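Topology and contacts: notes
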Amino acid sequence: MRNLPVAATCFVIMTLSTPSFAQSPDAGVYYKLTTQFRGSGMPMDVFNGGPNNNQTRLDNDQNVTGQYWHFVPAQNGSYRLQTEFRGTSMCLDVNPSTNRPELRNCGNFSGQFWHVSADGNWVRLTTDFRGPDMCLDIDPGSNQPELRRCGNFTGQHWTLARTSKRAQ
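The residue numbers shown here count from 1 along each chain, following its written sequence. The predicted origin of the model limits local features to residues at a pLDDT of at least 70 and limits the giving and counting of side-chain atom pairs to 80 or more, whereas totals for whole chains, interfaces and linings rest on all residues. Water and hydrogen atoms were dropped before computing side-chain values, which therefore reflect all heavy atoms in the structure.

1. Things to note about the environment of phenylalanine 113
Helix and strand definitions here come from DSSP, where helices need a minimum of 4 consecutive H or I residues and strands a minimum of 2 consecutive E residues; each element is numbered from the N-terminal end. By the element assignment, phenylalanine 113 lies in the loop between strand E7 (101-105) and strand E8 (114-119). C-alpha of phenylalanine 113 to C-alpha of phenylalanine 129: the two residues are 16 residues apart in sequence and 7.7 Å apart in space. Leave out the neighbours within four places in its chain, and phenylalanine 113 touches Ala74, Gln75, Ser78, Tyr79, Arg80, Asn108, Thr126, Thr127 and Asp128. What makes two residues a contact is simply this: any of their non-hydrogen atoms within 4.5 Å.

2. So, the confidence of the model for the protein
Every residue gets a pLDDT, meaning the predictor's confidence in that residue, from 0 to 100. Looking at the protein as a whole, the pLDDT averages 89, with 86% of positions reaching at least 70. Confidence over residues 1-22 falls short of pLDDT 50; this stretch has 12 contacts with residues more than four positions distant or in other chains.

3. A few points about the state of the cysteines
Throughout, a disulfide means two cysteine sulfur atoms within 2.5 Å of one another. Under the defined criterion, the tally for this structure stands at 2 disulfides. Residue pairing for cysteine 91: its cysteine sulfur links by disulfide to cysteine 106, the two sulfurs lying 2.0 Å apart. Handedness of the cysteine 91-cysteine 106 disulfide follows from its S-S torsion of about 90°: it is right-handed. One end of the pair, cysteine 91, is in strand E6 (residues 90-94); the other, cysteine 106, is in the loop between E7 and E8, with 15 residues separating them in the sequence. The buried label applies to any residue whose accessible area, calculated with a 1.4 Å probe on protein chains only, is under 20% of its type's maximum; exposed applies above 50%, and partly exposed to all values in between. According to the relative accessible area criterion, cysteine 91 is buried, its value standing at 0%. Paired by a disulfide, cysteine 135 and cysteine 150 hold their sulfur atoms 2.0 Å apart. Negative torsions about the S-S bond denote left-handed disulfides, and the value of about 95° found for cysteine 135 with cysteine 150 makes this one right-handed.

4. Topic: the pattern of salt bridges
What makes a salt bridge here is a side-chain nitrogen of Lys or Arg within 4 Å of a carboxyl oxygen of Asp or Glu, nothing more. Taken as a whole, this structure holds 10 salt bridges when the rule is applied. For arginine 57, the salt bridge identified is with aspartate 59, shortest N-O distance 3.1 Å. With relative accessibility at 22%, the residue arginine 57 sits in the partly exposed group. Shared partners join several salt bridges into a network, and the residues in it are Arg100, Asp137, Asp139, Glu146 and Arg148.

5. Things to note about the pairing of strand E9 (residues 122-127)
For a regular strand, the rule is simple: side chains alternate between the two faces of the sheet. In terms of burial, E9 is largely enclosed, as 5 of its 6 residues are buried. Strand pairing is assigned whenever DSSP identifies at least 2 bridges connecting the two strands. Taking the residues that link successive antiparallel strands as the turn, the E8-E9 hairpin has 2 residues, and the phi of glycine 120 there is positive, at about 65°.

6. So, unusual backbone geometry
We note that asparagine 54 has phi near 70°; this positive angle belongs to a residue other than glycine. Mapped onto the elements, asparagine 54 comes out in the loop between strand E2 (44-46) and strand E3 (56-58). Its identity is not glycine, yet asparagine 143 carries a phi of approximately 60°, on the positive side. Within the fold, asparagine 143 resides in the loop between strand E10 (134-138) and strand E11 (145-149).

In structure tokens, the structure reads:
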């Protein structure tokens, strides 16, 4: 980059460091999902055991399989979300009584069909189950995601950070 003018160098650096939301998630890789609210140091993870088993939460960034999310293309432009941790038989679904996502056996359930919508530098995540007016947000007390009425809230602004880890 030494030979590029300063303005061109800045453009290249900004382009390489800014995620692209115009494209659909690549089904061949895993992503880490973070929010504007908690930042890139707290991706979405899965509880392993206990009373919250298979529920999701934001946790410190680690190299653990529960933080690697695979977007599998599904019907009508939606995706099934699966983790490297639980594999291809478990999909992110919505618990109807709490509106909180949790991993459940994959099936033809509207809570398992997720939509990724561009929102400026961020994306919003919604489901067929609750519709486009209910966005995935973060409960600030528990750091657990839940669907809430869409609004201008930093917990609803998600980043899909592509990793180098290949999905199978």
